[in-house]
Amino acid sequence: MADAPKNRLEDRIEKTLVESGLGQTRVYEIRQLIEQYCQEAQTDPITQLPLRSQMERLFEPMLRRAREYGSPFSVLMLDLDNFKEVNDDHGTGYTAFDGKHYQGHDAGDALLKDIGEIIKKNMRTGDIIIRKGGDEILIGLPFTGIENEEEHISDRNNQEPKLEQTRFHFPNKAELVAYKLCWRIQKRTDHTASIGIAAYPITTREPDLSTLITQADQAAYSVKEDGKNGYAVYGRNAISHLK
């Protein structure tokens, strides 16, 4: 349904072009350019992730399943640590996956691009990844809950996650996803991230996206306050200083 207005606009443009006497080949080429423009307008050019403007559209199926069937899901807010030190004109710079060393805003862009690649390679089909803005990336995990409070995975520090070697076989726990992302980001970029987690129906009884994003954002902040490089579920103690 969300794409219907765009499709109707494209149809009107195509009809106008045909009536103007342009050949079918030229009309097809122009329509392809329109589709490319629409796609680019919805995608962050640095990370190639959907932009914040696509958030409601992408989350709607997950929210609908929660409302109708009570299906659990989790929201993660990933915030890079000390990003300003990389992105600043007189900052530390960053050596990207392409082997080049960047300074200033180019360094920040290169780091964000590599972070986006790491996240995309470690997500399942159906997971949602959005560049929310700045150095914040929002992740939606359908059919994914959180561990009970008496469960914890802090004893996995210093160990590469072994249970989820492919993006299609995550254990059904948001904390393990957060732990894996923290581990992979640090090992591959030598930079760290703080991740906040909120989950329906645990941290909120209503499948409200705004509430879950606020909770995840506050949880990420608690990780920053605790020492960075880790994750926290909203309302629970942070697990930081991962190695």
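Asks: With reference to specific residues and values, describe helix α7 (residues 209-226).
Replies: Look at α7: 26 Å from first C-alpha to last across 18 residues, which is about the 26 Å you get at 1.5 Å a residue. Among the residues of α7, those classed as buried are Leu 209, Leu 212, Ile 213, Gln 215, Ala 216, Ala 219, Ala 220 and Val 223. Relative to the axis of α7, the buried residues are bounded by an arc of 165 degrees and lie together on one face. Pointing more than 90 degrees away from the buried face of α7 are the exposed residues Ser 210, Tyr 221 and Glu 225. Tucked inside the fold, the buried residues of α7 contact α3 (55-69), β1 (73-80), β4 (128-133), β5 (136-142), β6 (193-200) and β7 (230-233). Phi turns positive, to about 135 degrees, at Gly 227, one or two residues after α7.

Asks: Describe the packing of aromatic side chains, with residues and values.
Replies: For any pair of aromatic rings, the description consists of the separation of the ring centres together with the inter-plane angle of the planes. This model, assessed by the stated rule, comprises one aromatic pair. The ring centre of Phe 97 lies 4.2 Å from the NZ or CZ of Arg 188, which sits over that ring.

Asks: I'd like a rundown of the pattern of salt bridges, residues and numbers included.
Replies: Under the defined criterion, the tally for this structure stands at ten salt bridges. In this structure, Asp 81 and Lys 224 form a salt bridge, with 2.8 Å as the shortest nitrogen-oxygen distance. Taken together, the positions of Asp 81 in the loop between β1 and α4 (83-87) and Lys 224 in helix α7 put the pair 143 residues apart, joining distant regions of the chain. Here Arg 236 makes a salt bridge to Glu 175, at a shortest N to O gap of 3.9 Å. Linking Arg 236 in the segment after β7 with Glu 175 in helix α6 (residues 174-189), this pair joins segments that are 61 residues apart in sequence. With a relative accessible area of 23%, Arg 236 lands in the partly exposed category.

Basis of the calculations
Counting restarts for each chain, with residues numbered from 1 along the sequence as it is written. It should be noted that, the model being predicted, local features are given only for residues of pLDDT at least 70 and side-chain atom pairs only at 80 or more, the latter also being counted only at that level, while totals for whole chains, interfaces and linings use all residues. With hydrogens and water set aside, each side-chain value is computed from the structure's full complement of heavy atoms. The secondary structure listing takes helices from DSSP runs of H or I that are at least 4 residues long and strands from runs of E that are at least 2 residues long, numbered from the N terminus. The span one expects for a helix is its residue count, reduced by one, times 1.5 Å. Only protein chains enter the area calculation, which uses a 1.4 Å probe; residues under 20% of their type maximum are buried, those over 50% are exposed, and those in between are partly exposed. As used here, the arc is the angular range of directions from the helix axis to the C-beta atoms. Pairs of residues are marked as contacts when any of their non-hydrogen atoms sit within 4.5 Å. Two aromatic rings, drawn from Phe, Tyr or Trp (for Trp, its six-membered ring), form a pair once their centres lie within 6.5 Å of each other, and the interplanar angle then sorts them: stacked below 30 degrees, edge-to-face above 60, tilted otherwise. We call a charge positioned over a ring when the NZ of a Lys or the CZ of an Arg lies within 6 Å of the ring centre and within 35 degrees of the ring normal. Counted as salt bridges are all cases of a side-chain nitrogen of Lys or Arg within 4 Å of a carboxyl oxygen of Asp or Glu.

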